[in-house]
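Geometric and topological summary
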Amino acid sequence: MVEEFAFDNTEERRKSRQMKDAGWIEVIVGSMFSGKSEELIRRLRRAQIARQKVQVFKPVIDNRYSIEQIASHSGMTHVSKPVMTAAEMMAQMEDETQVVGIDEGQFFDMAIVEAVNELAKNGKRVIIAGLDQDYLGRPFEPMPQLLSIAEYITKTHAICVKCGATANYSQRTSDSIERVEVGASDKYEARCRQCFVPHSDAPTVHE
Ligand code: ADP
Ligand code: ZN
């Protein structure tokens, strides 16, 4: 078996190994308003300029903006396919796709972990952005698992709206206690460690 591998040198095999080497996982994490979507869109646009075939997905649960696109809080957009599950994303995956973009990764089911591993193994560059903490500051699955398997990790930060320091937390300002409560600046703000309180601090609940 060892010899077979050592002399595995044919043109075809070399090419297929090159394809496999080309696959990897990039994860972009941070709080809300930290620029995850902007960074994802920037990377996707560059891939398209390089004429690479790109497919972009986001979980259906995030309906903040138009369903057929991912959007940043600053107004950058990119077309994307809404999917309910990781399995549905895989079913829509095209063989020729070289770069897979995924936004709002925290809203995917755990099967996303195996799915992106498989895509990377098949030679695709996978870029997945998502919240690493929920509104209580708890790790937001499946992002911790995705961070563990990624080749490259980018942590983005926002600006604390209270004091101007580097913000690592998404403070909920509405009184919901659901883990998933979709919203933007109407329901969340970026806070630093000192200004963050690990519960919603809506004036109605904490007056
Ligand atoms: P994320 O995907 O991490 O939620 P986006 O890429 O959608 O972030 O939005 C980032 C943009 O949000 C910034 O470029 C800026 O225009 C805007 N923004 C609003 N509030 C803040 C804040 N407190 N700190 C930094 N950027 C903010
Ligand atoms: Zn602060």
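Scroll up a little and you will see the structure.
Every value quoted in this text rests on a predicted model; they were computed, and no experiment measured them.

Some words on the site of ligand 1
Taken together, 15 residues lie near ligand 1, and Lys-36, Ser-37, Glu-38, His-73 and Ile-159 sit nearest. Within the backbone of Ser-31, one N or O atom sits 3.4 Å away from an oxygen atom of ligand 1. Here Lys-36 contributes a side-chain N or O atom positioned 2.8 Å from an oxygen atom of ligand 1. Here ligand 1, which alone exposes 580 Å², has 75% of that area covered by the protein. Only α3 (36-49) and β9 (158-159) provide two or more residues apiece to the shell around ligand 1. If you tally residues by element for the shell around ligand 1, the top one is α3, at 3 residues. Residue classes in the shell around ligand 1 are distributed as 6 nonpolar, 7 polar and 2 charged.

Structural notes on the coordination of the zinc ion (ligand 2)
Distances from the zinc ion (ligand 2) to its protein donors, namely Cys-160 (SG), Cys-163 (SG), Cys-192 (SG) and Cys-195 (SG), fall within the range 2.3 to 2.4 Å. In this structure, the zinc ion (ligand 2) is surrounded by 4 donor atoms whose angles at the metal cover 101 to 117°, and the resulting shape is tetrahedral.

Let's talk about the sheet that holds strand β6 (residues 99-102)
Spatially, the 6 strands line up as an open sheet ordered β5-β2-β6-β7-β1-β8, and their pairing is parallel. With partners counted over all chains shown, the strands left at the sheet margins are β5 (81-83) and β8 (152-156), one partner each. The mean inter-strand angle of the sheet, taken between neighbouring strand axes irrespective of direction, is 20°. As judged from the 4 bridges shared by strand β2 (residues 54-59) and β6, these two strands associate in the parallel manner. Counterpart to Phe-57 in the pairing with β6 is Ile-102. Sitting on the sheet, α3 is in contact with β1 (24-30), β2, β6, β7 (125-131) and β8, with an inclination near 165° to β7.

What counts and what doesn't
Numbering of residues starts from 1 in each chain and follows the order in which that chain's sequence is written. Throughout, the order in which chains and ligands are written sets their labels, letters from A for the former and numbers from 1 for the latter. It should be noted that, the model being predicted, local features are given only for residues of pLDDT at least 70 and side-chain atom pairs only at 80 or more, the latter also being counted only at that level, while totals for whole chains, interfaces and linings use all residues. With hydrogens and water stripped out, all remaining heavy atoms of the structure feed into the side-chain values. In this text, near means that some heavy atom of the residue lies within 4 Å of the molecule or strand in question. Polar contact criterion, stated in full: a pair of N or O atoms within 3.5 Å, where within protein one must be able to donate a hydrogen and the other to accept it, and residues adjacent in sequence count only if both atoms are side-chain atoms. The method behind every accessible area is Shrake-Rupley, applied with a 1.4 Å probe, and residues are considered shielded solely by the protein chains displayed. A run of DSSP states H or I qualifies as a helix once it reaches four residues; a run of E qualifies as a strand once it reaches two. Both are numbered from the N-terminal end. In this classification, the charged set is Asp, Glu, Lys and Arg, the nonpolar set is Ala, Val, Leu, Ile, Met, Phe, Trp, Tyr, Cys and Pro, and all remaining amino acids, among them Gly, are polar. Water is not among the atoms examined, so metal sites may look incomplete; donors are the N, O and S atoms within 2.8 Å of the metal, or within 3.2 Å for Na, K and Ca. Geometry is assigned from donor-metal-donor angles: four donors are tetrahedral when every angle falls between 85 and 135 degrees, four are square planar and six octahedral when opposite donors sit over 155 degrees apart with all other angles between 65 and 115, and any other arrangement is irregular. Any two strands with at least two DSSP bridges between them are considered paired. Lines fitted to the C-alpha atoms define the axes, with helices restricted to the stretch that makes contact. Angles between their N-to-C directions range from 0 to 180 degrees. Any pair of residues with heavy atoms lying within 4.5 Å of one another is described as a contacting pair.

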